Amino acid sequence: TMEAILKVRGLKKHYPRFDLHQIDLDLPGGCIMGFVGENGAGKTTTLKCILNVAGRDGGSVELIGETKPGRQKALMEEVGVVFSDAGFHPVMTGKDINQIMKGIYKNWQEEDFFGFLKRLKVDPCQEYQNLSRGTRIKLQLAAALSHQPRLLLLDAPTSGLDPVVRDEILEIFQEFILDERKSILFSTHITSDLEKIADYVTFIHQGRILLTEAKDDLLYRYGIWRGRQSELERLPEEAVLKVCVTGLGRSALVDRKKLESQENVERPTIEEILLHLVKGKTAGQWEQGGKTE
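Since this is a predicted model, take the numbers as computed values, not measurements. (Residues numbered from 1 in each chain as written. Predicted model: local features only at pLDDT ≥ 70, side-chain atom pairs only at ≥ 80, totals over all residues. Heavy atoms only, no water.)

Some remarks on helix α1 (residues 43–51)
Next, step 1: With 7 of its 9 residues buried, α1 lies for the most part within the structure.
Next, step 2: Within α1, burial applies to K43, T45, T46, L47, C49, I50 and L51.
Next, step 3: Note on α1: the residue one or two positions beyond its end, N52, has a positive phi of about 65°. (Buried < 20%, exposed > 50% of the residue type's maximum accessible area, 1.4 Å probe, protein only. Helix = DSSP H or I, 4+ residues; strand = E, 2+ residues; numbered from the N terminus.)

Okay, here's the thing in structure tokens:
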């Protein structure tokens, strides 16, 4: 088996208006895990607790097989981070960042860094404050990739980027994990990015993990059924996970393995699975007068 790059067990965090409940994650080497949920579901909080920049209220995080407290600094060498609310000092240029990083990371690779900037068309002489949002993300990413990390933790790294740039970045992610000792955990709203590159998808809602599965299994095993209420009632109950009211009838997230007929069932997108998990009602809730929306 591949060494686990990240192992999270029972992670908890309490805020006055929000709780993370018992988060468990397993990320093997050579993999990309997409972390999906609506705004405020707890994606950023989870990433910050993994890094311990937000103190944890319970649970354990094993990074690259290590939990020893004294190893924290050395481990940070092995984690590359891009957070949408972080960034560099406004007047810093790529050249300045290179100088600073050289002093911070013992594995800093200057050639890699300038190579990424060139490839992503980032001018190393421009001040950070004068760069567009997309270019700032590219600069952060180049820095995160250039100290030879084994784990990339990325918070919505592709949002606000045009499709061409997103593709370039996804390509870089795929190159990164060709080395099976490396992995990526990234949160995103852009579910089509996950369809392209994720090996695993984890859904989070209101601080709880709803589902985590290999992407191919997810898209193969689940389906979206559409039809009328009367037809829905004829489906085997154990096959129907969540039901939504649509303009014309019902749509349901179904387990295709538990259906006799695949009639009215489409292959799902990750977005449709997420919508049903978050907005749908279970058969039980449905019975208890949940039929009116």
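Additional details are given in the paragraphs that follow.
Considering the environment of N107
Next, step 1: Mapped onto the fold, N107 is located in the loop between α3 (94–104) and α4 (110–119).
Next, step 2: Overall, N107 belongs to the partly exposed group, its relative accessible area being 31%.
Next, step 3: The spatial distance from the C-alpha of N107 to the C-alpha of S230 is 63 Å, given a sequence separation of 123 residues.
Next, step 4: The contact partners of N107, leaving out residues within four places of it in the chain, are E77, S146, H147 and Q148. (Contact = heavy atoms within 4.5 Å.)

Side note on the sheet that holds strand β2 (residues 18–28)
Next, step 1: Judged by pairing direction, the sheet is antiparallel, and its 3 strands sit side by side in the order β2-β1-β4 without closing on themselves. If you trace the sheet from one side to the other, it starts and ends with β2 and β4 (58–63), each paired once. Here the average twist between neighbouring strands, direction ignored, is 15°.
Next, step 2: Here α1 sits on the sheet in contact with β1 (4–15), β2 and β4, set at roughly 115° to β1. (Pairing = 2+ DSSP bridges. Axes fitted to C-alpha atoms, helices over the stretch in contact; angles between N-to-C directions.)

Description of the side chain of K138
Next, step 1: Within the secondary structure layout, K138 lies in helix α5 (residues 133–145).
Next, step 2: The buried charged residue K138 lacks any salt bridge, with E168 as its nearest oppositely charged partner at 5.2 Å.
Next, step 3: At 2.8 Å, the side chain of K138 and the backbone oxygen of L120 are in polar contact.
Next, step 4: With residues near it in sequence (within four places) discarded, K138 still touches L120, V122, V165 and I169. (Lys, Arg positive; Asp, Glu negative; His and termini not counted. Salt bridge = Lys/Arg side-chain N within 4 Å of Asp/Glu carboxyl O. Polar contact = N/O pair within 3.5 Å; in protein donor to acceptor, adjacent residues only side chain to side chain.)

Focus: helix α6 (residues 163–176)
Next, step 1: Over its 14 residues, α6 runs 20 Å from end to end, which matches the ideal 20 Å to within 8%, given 1.5 Å per residue.
Next, step 2: Against the buried residues of α6 lie β3 (32–36), α4, α5, β6 (151–155), β7 (183–188) and α7 (191–197). (Expected span 1.5 Å × (residues − 1).)

Observations concerning the nonpolar core
Next, step 1: Ranked by size, the top nonpolar core spans 50 residues in total, and within it L139, F173, I184 and F203 carry the most contacts.
Next, step 2: It is α5 that contributes the most residues to this core, 7 residues altogether.
Next, step 3: With 28 residues, the next largest nonpolar core counts I5, V8, I23 and A41 among its residues. (Core = buried A, V, L, I, M, F, W, Y, C linked by side-chain atoms within 4.5 Å.)

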